[in-house]
Structures are given as C-alpha cells and as structure tokens.
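Topology and contacts: notes
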Amino acid sequence: MMPTVVRRLLKASLVGLAALSTACSVLPQAESLTFYQLPATALTAQQAPASHKSLIIQVNRPHAERLLASSRITVLPQGNEMSAYKGVRWSDDVPALLRNRLADALRDADQFRAVVLDSESMVADWELGGTLGAYQVEYIQGAPQVRIQFDALLRDQRSGQLVQTRRFVVQQDVNGTAVPQVVEAFGVATDALSGQVSQWLGSLTVQSKKS
C-alpha cells in the first residue's frame, strides 16, 4: 500500500495542477492587432529663396498628449470623449509618423540642402518642431472627419533663437466608417498638412546666421 504521506503529497500535486489549469483557461487572450502604415503621396517641388539651398533643416518629433503620443488611432465619438479603434495600431507612434512624413515631404519639395531627423547626429541650421494638438477622427453631425492640428515652431538651431511659429489645422472627410477608409483619410489630411508646412517654410526669407 502507498504510504499516507505519499498519498497526501500526490493529492496536493493533483489539486495544484487542476488549479493551475483552471487559472490558465481564464487568462485574457492577447489582443489581435492589425498595423497600418500612414499612406503618403509624394510632394512636388516647391519654390523657395535660393538661400534655403544652403540650409540644413532638422525635423523633430512634435510634443503630444499621452493618447496622441501612442500608436493608437484616436477617435472622438461624441463631445470631448476620447477613445481609440480596437484591434488596430499605426506602424509607429503618431509623433514619429508625422515627423517622418514632414521630413519626406520637405525632401520631395527640394527646398533645402538637406533634411534630417532629430534622431540623427547632425548639426542643422533650422529646427522644425512644435506641438500636435489633434490627430484624430471626430464625428461632426454624425459624419466622421479627420482633424489635425499642428502648432509649428521654427528655431535657429545654432543661436537658439525663434524664427517663426504658425498653427496649421487640416480637416478631411472620411468616405465611410471602416478602418481602412479612416486610414486613407489620415493619409490625405497629412499630405495636405505637409504641403502647407512646405509652402510656409518656402515663404520665409529669414536666413540662419552661421557661427
């Protein structure tokens, strides 16, 4: 016969395994995510003063509140209630997406000697940054609309002096409510914003003083 101590240990082991099995069965399953790149259309070359061709411009990640600074696709279904589409994410966090798109647009525009990112070890002349106040879908009278608000700040990197600031607001209707249609509208709106920023920079006549 099996000793009493052994029987008790065996029983305790079986009870433990049963509890572990039950616990594993109630653990939440990992959320299945679909990742989206930001659609983009190449910007055509833009006019700018000849002096811009000697400048290097650095594009920084804009500042943003916590939800906008994530990779979630943000939506305001009503009022000031902020939410996010379930099961989907951008391929990067929103500030990085916008920074990269602005940099690509400025390279397409061919206004500067070079366009670099804040993640690169490069001394620039101008530094473009700012605050991202909105990058979301808003429902206006029941219809979805992408809204982007970017408060741009241009700084002379060498002297630290402010060159100029400007607020950009872009709104783009969404042709439907499905996530792919929302993503497409974000792409159109971000392209429009990039074009406006490029035109603004091209209109400036202030040249950074070299040390």
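As a reminder, the structure under discussion sits directly above these lines.
In this text, all values refer to a predicted model and were calculated from it rather than measured experimentally.

**Looking at the pattern of salt bridges**
- Per the stated rule, a full pass over the model turns up eight salt bridges.
- Salt-bridge contacts for Asp104 lead to Arg107; the nearest nitrogen and oxygen are separated by 2.9 Å. In this pair, Asp104 and Arg107 both sit in helix H2 (residues 94-109), three residues apart, roughly one turn of the helix.

**What to know about H2**
- Taking 1.5 Å of rise per residue, 16 residues should cover 22 Å, and H2 covers 22 Å from first to last C-alpha, within 8% of that figure.
- Extensive coverage of H2 is indicated by the burial of 12 of its 16 residues.
- On the buried face of H2, the contacting elements are strand E2 (56-59), strand E5 (88-90), strand E6 (114-117), strand E7 (126-140), strand E8 (143-156) and helix H3 (179-203).
- Between the side-chain oxygen at the start of H2 and the backbone nitrogen of Ala96 there is a gap of 3.1 Å, and the oxygen is on Asp93.

**Some words on the packing of H2 against H3**
- At a minimum axis separation of 9 Å, H2 and H3 run at an interaxial angle of 55°. Classified by the interaxial angle, the pair formed by H2 and H3 is oblique. In this structure, the crossing between H2 and H3 has a hand that is right-handed. Packed against H2, whose contacting residues are Leu98, Arg101, Leu102, Ala105, Leu106 and Ala109, the element H3 presents Thr190, Asp191, Leu193, Ser194, Val197, Ser198 and Leu201 at the interface.

**With respect to the environment of Val75**
- As for its position among the elements, Val75 is in strand E3 (residues 74-78).
- Separated by 62 residues in sequence, Val75 and Val137 have C-alpha atoms that sit 4.5 Å apart.
- When residues no more than four places from it in sequence are discounted, the contact partners of Val75 are Glu81, Met82, Ser83, Ala84, Tyr85, Val137 and Tyr139.

Basis of the calculations
Residues numbered from 1 in each chain as written. Predicted model: local features only at pLDDT ≥ 70, side-chain atom pairs only at ≥ 80, totals over all residues. Heavy atoms only, no water. Salt bridge = Lys/Arg side-chain N within 4 Å of Asp/Glu carboxyl O. Helix = DSSP H or I, 4+ residues; strand = E, 2+ residues; numbered from the N terminus. Expected span 1.5 Å × (residues − 1). Buried < 20%, exposed > 50% of the residue type's maximum accessible area, 1.4 Å probe, protein only. Contact = heavy atoms within 4.5 Å. Polar contact = N/O pair within 3.5 Å; in protein donor to acceptor, adjacent residues only side chain to side chain. Axes fitted to C-alpha atoms, helices over the stretch in contact; angles between N-to-C directions. Parallel < 35°, antiparallel > 145°, perpendicular 65-115°, else oblique. Left-handed = near helix turned anticlockwise from the far one by under 90°.

What is shown is where atoms sit, not what they do.
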